[in-house]
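# Descriptive structure summary
The primary structure of each chain is shown beneath.
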Amino acid sequence: MTLLADQLLVLSLLINFVVLGTSRIAFAVRAVAVQGILLGVLPALVHPFSWHLVGIVCGILLAKGIIIPWMIMGAIKKAEIKRELEPFIGYTSTLVLGAVFTSLAFMFAAKLPLAPEHSGLIFVPASIATLLCGFLVLMSRRKAISQVIGYLVMENGIFIFGLLLANAMPVMVEAGALLDLLVGVFVMGIVINNINREFSSLDTSRLNTLREE
Amino acid sequence: MTGPGEVVPNLALLIAAIILQACSTLPLLFRRSALSQKISASLMVLASMIGTTGAVRSLTDPAAHSLLLDWSLPFGPAEIGIDPLSALFLLPIFIITGCSALYGVGYWPAQKHPHTVTRLTFFLGLLAASLTTVVMARNAILFLIAWEMMALGSFFSLTTDDKHEEVRDAGILYLITTHLGTLVLFALFSLLSINGSFLFPAAASLSALHPLANAIFITALIGFGVKAGMMPLHVWLPSAHASAPSHISAIMSGVVLKMGIYGMVRVFSFFAQVPLWWGATILVLGMISGVVGVAFALGQHDLKRLLAYHSIENIGIILMGMGVALIGQATGSQAMMLLGMAGCLLHVLNHALFKALLFLGAGSVIHAVGTREIDLMGGVGRRLPLTASLFLAGSVAICGLPPLNGFVSEIMVYLGCFRGVAFSNGSAVGLTALAVPALALVGGLAVACFVKVYGTVFLGIPRTEEHSGGHEAPGNMLVPMGVLAGFCAVIGLAPWLVAPLLAGAVAGWHPSLANSTAALTSLVPFNWISLLSTSLTLCILVGTWVIVRRTSGNEHSTAPTWGCGYLRPTPRMQYTATSFAEMLVKYFRDLLRPQEYSPEITGIFPAPTRYSSHITEVVLEGLYLPFLEYLYRKTAPFRRLQHGRLHLYILYILVTLVVLLVVTVNS
């Protein structure tokens, strides 16, 4: 089963690159949705069966795979934007940086003092790599919606790490993580709305006019 | 000392008072009506009565009691307790908050201020409850939590009228300075809890040879000095007191400032022995605060700002008492310790009483005439006779004149200084010898200042048409003032009543002064003071009676003052407050830096013109603001990091993360 889990993780790592490399926002959202579904299935593979686990898996699939992507798609339609045209860092460079970060994550994870039963898995490097890719998206994109996507990718990275921490994750931890995600998306939703209204565009680089002199 | 967990009646009374104070925040949250406001005020008054009983009982009970709260906080358990020292500071808290809450019903009625009354009442209750908790907290964390709640409670209640820009500015200045003070307190409590326990040490349990003793002294002086309004850390005080609603000013000046004094006394009580320079520093700072505070007060045109500067002056007198006590401790003179600390603590109570009385009186006057400018008022005494007589009582008390209470506490400080001159040696003699004329100067200038205020505001005739209206304050505003004036009179006429209370509180500061009621009575001639005050009061009463009897049958006629033959006198030709104080302001010109605008008058028929004078907050505008400006310019390169570009902020985080990863991998 761990072999299948590793394969799924590799797939989600590849999805990171899809998100980094595409200029079409709707496509990136779909990619993140797929990543969410993959990660939602993961707990079922690594932990023994229980009804609690079923609840967790269903909840994650619903939140990460359907509800949040659907909300973002709605926001995209409302704001009428399809592409991220002028990223701060070009697509090729982000891809290269993503690759560098991913390899750095593998190097770093190899040096971490992990529990022996975890040291063979790629959970830790995959988690760190996904986190860093999320950061990269957050940083390199201009549109607020792309930044929400970056935030989601980051959250996925944290989620992968969380899979390791407890054998059966307590509901509270899981609920907390999901709540966190929801709040993040809400905040970004408000930011998007306000930037749109204030500047008639979703360009976050315009925010610097708000700074205090 | 009783064991933790055992609740003694005194402690139970005080805890009940805290709960009632906290409950007074609730009624207006449910229903915004005049009835809710009255219920809320009644809860506060009830809390004050219960609390005062508990505090007086604790003052006569030399033992300290404490209670461990079943409440797990980080850094150890929370503990509240009561000892005579805390109880003495609880007295003004309960008396002033109760009176102010009652006054608020008439001063800020729910019908007239429907939008702000809920907020004001809520934060008044919160402020009262947190003040009580500050004094009763026995460990650093609970103390800091209550301290912060107190700061926020007073911030929100002082900015009640936040549609005015000056109120918002005053609030922000207060918020910044109080938090700077709190930052220093964090340092203080980390130093104190260096051995790992956040509980307060017992009285006289630390040695001044403690390597951190001097650091503890300096942090306590700065951290609590900001709250107490000690010069030169007083910059927030004048604008905050002037901008708050009057009954909040009364609490801030009467009680919140005293929390700074409480903090200092409490921290100094931890030390068994102190070096001489501690007392000397406090004495000198007290002299500066006293003299400079009253000099600034002389130059003010705003009634509440003037009272605020008098708070600084009185904090100066309190600090002088504390300084004398610490010098006594350093030189081993029990009499100086007793006189200085008893004077300091009694003046804490006295200043709370008469300054609250004056602020409430000022509130009634401002309510009636609709301005805070002294030079626009006049003749208020005819329209508000009761307020005028109560204000007069407060003025006499604050000037330290017999027969009221200010005289009693000031004479204790004088006697402490004389002891220092007569029986000490070395530099202590010089300092205490210098303190006596400084205290006398403060008293004299205060008399001049209150002659100016009372004469301009209450006597004469109204100076302007639009501020000539108004009527006597309603009963629920007069009763609290009457209560405060009554306390002033009782302490002034029968000072021996407070001697046992003071002796108890002084023993809480230093255990070697336990059972010193007899010593205090022998050092201070309470009987003579009482005799003098009583006979003076009798003379005044008899004199008034005689005058009233003689003039009651006469016919009254009103005529303008003879103006040396000038044909068209106007009320504006009366002596103004500015002109009255002009000579004294001139003496202190180097300090006060008055800004005058007086155009030159030319020709035989000059055109209409204006004269204006203004005294700014010199320390703030001449010292702190230029310094901050300098700091602002010098830190310009760092401010480039704060550019408002979200992506680069995220880049900072990413770079930090990657650097950390690389460092970990390489190590």
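This one's a predicted model, so the numbers in the text were calculated from it and none came from an experiment.

### Looking at the overall build of chain B
Assigned secondary structure in chain B consists of 26 helices and 4 strands. On C-alpha atoms alone, chain B measures out to a radius of gyration of 26 Å, which is about the 26 Å that the 2.2 N^0.38 rule sets for 667 residues. Over its C-alpha atoms, taken along the principal directions, chain B stretches across nearly 95 × 70 × 60 Å.

### Here we look at the pairing of strand β2 (residues 79–82) of chain B
Residue and element names in this part refer to chain B. Burial along β2 is two-sided: the face carrying Glu-79 and Gly-81 and the face carrying Ile-80 and Ile-82 are both buried. As judged from the 4 bridges shared by strand β1 (residues 65–68) and β2, these two strands associate in the antiparallel manner. In the sheet register, His-65 faces β2, and the bridge partner there is Ile-82.

### Quick notes on the domain arrangement of chain B
Its domain assignment divides chain B into domain 1 (274–547 + 574–587) and domain 2 (618–666). On a C-alpha basis, the centres of domain 1 of chain B and domain 2 of chain B stand 48 Å from each other.

### Some details on the UniProt feature "transmembrane region" (unreviewed entry) in chain A
Residues and elements named next belong to chain A. UniProt feature "transmembrane region" (unreviewed entry): in the numbering of this structure it lies at residues 52–76, 88–109, 121–139, 148–169 and 175–196. Within the segment residues 52–76, helix and strand shares are 100% and 0% respectively, and the terminal C-alpha atoms sit 35 Å apart. Here residues 88–109 is 86% helix and 0% strand, with 29 Å between the C-alpha atoms at its ends.

### A word on the nonpolar core
If you look at the biggest cluster of nonpolar residues, it comprises 215 residues, and the most contacted ones within it are Leu345(B), Leu357(B), Cys488(B), Leu502(B) and Val506(B). Every residue in contact with Leu345(B), bar those within four places of it in the chain, is listed here: Leu88(B), Leu502(B), Ala505(B) and Val506(B).

### Some words on the packing of helix α13 (residues 334–369) of chain B against helix α18 (residues 475–493) of chain B
All names here are of chain B. Here α13 crosses α18 at 150°, and the two axes come no closer than 9 Å. The angle between α13 and α18 falls in the class roughly antiparallel. The crossing of α13 and α18 is left-handed. Residues Asn-350, Leu-353, Phe-354, Ala-356, Leu-357, Leu-360, Gly-361 and Ser-364 of α13 form the contact with α18, whose own contacting residues are Met-477, Pro-480, Met-481, Leu-484, Ala-485, Phe-487, Cys-488 and Ile-491.

### Thoughts on the UniProt feature "domain: NADH:quinone oxidoreductase/Mrp antiporter transmembrane" (unreviewed entry) in chain B
In the numbering used here, UniProt assigns the feature "domain: NADH:quinone oxidoreductase/Mrp antiporter transmembrane" (unreviewed entry) to residues 137–418 of chain B. Helix makes up 76% of residues 137–418 of chain B and strand 0%. Its end C-alpha atoms lie 36 Å apart.

### Digging into the environment of Arg372(B)
All names here are of chain B. Mapping Arg-372 onto the fold places it in the loop between α13 and α14 (380–383). In this structure the C-alpha to C-alpha distance between Arg-372 and Ile-216, which are 156 residues apart in sequence, comes to 41 Å. The contacts of Arg-372, once residues within four sequence positions are left out, are Asp-302, Leu-303, Lys-304 and Ile-366.

Criteria and thresholds
- Residues numbered from 1 in each chain as written.
- Chains lettered and ligands numbered in written order.
- Predicted model: local features only at pLDDT ≥ 70, side-chain atom pairs only at ≥ 80, totals over all residues.
- Helix = DSSP H or I, 4+ residues; strand = E, 2+ residues; numbered from the N terminus.
- Rg over C-alpha atoms; globule rule 2.2 N^0.38 Å.
- Buried ≥ 20, exposed ≤ 12 C-beta atoms within 10 Å, placed from the backbone.
- Pairing = 2+ DSSP bridges.
- Domains from an automatic or database assignment.
- UniProt positions renumbered as here; feature names shortened; annotations may be inferred.
- Core = buried A, V, L, I, M, F, W, Y, C linked by C-beta atoms within 7 Å.
- Contact = placed C-beta atoms within 7 Å.
- Axes fitted to C-alpha atoms, helices over the stretch in contact; angles between N-to-C directions.
- Parallel < 35°, antiparallel > 145°, perpendicular 65-115°, else oblique.
- Left-handed = near helix turned anticlockwise from the far one by under 90°.

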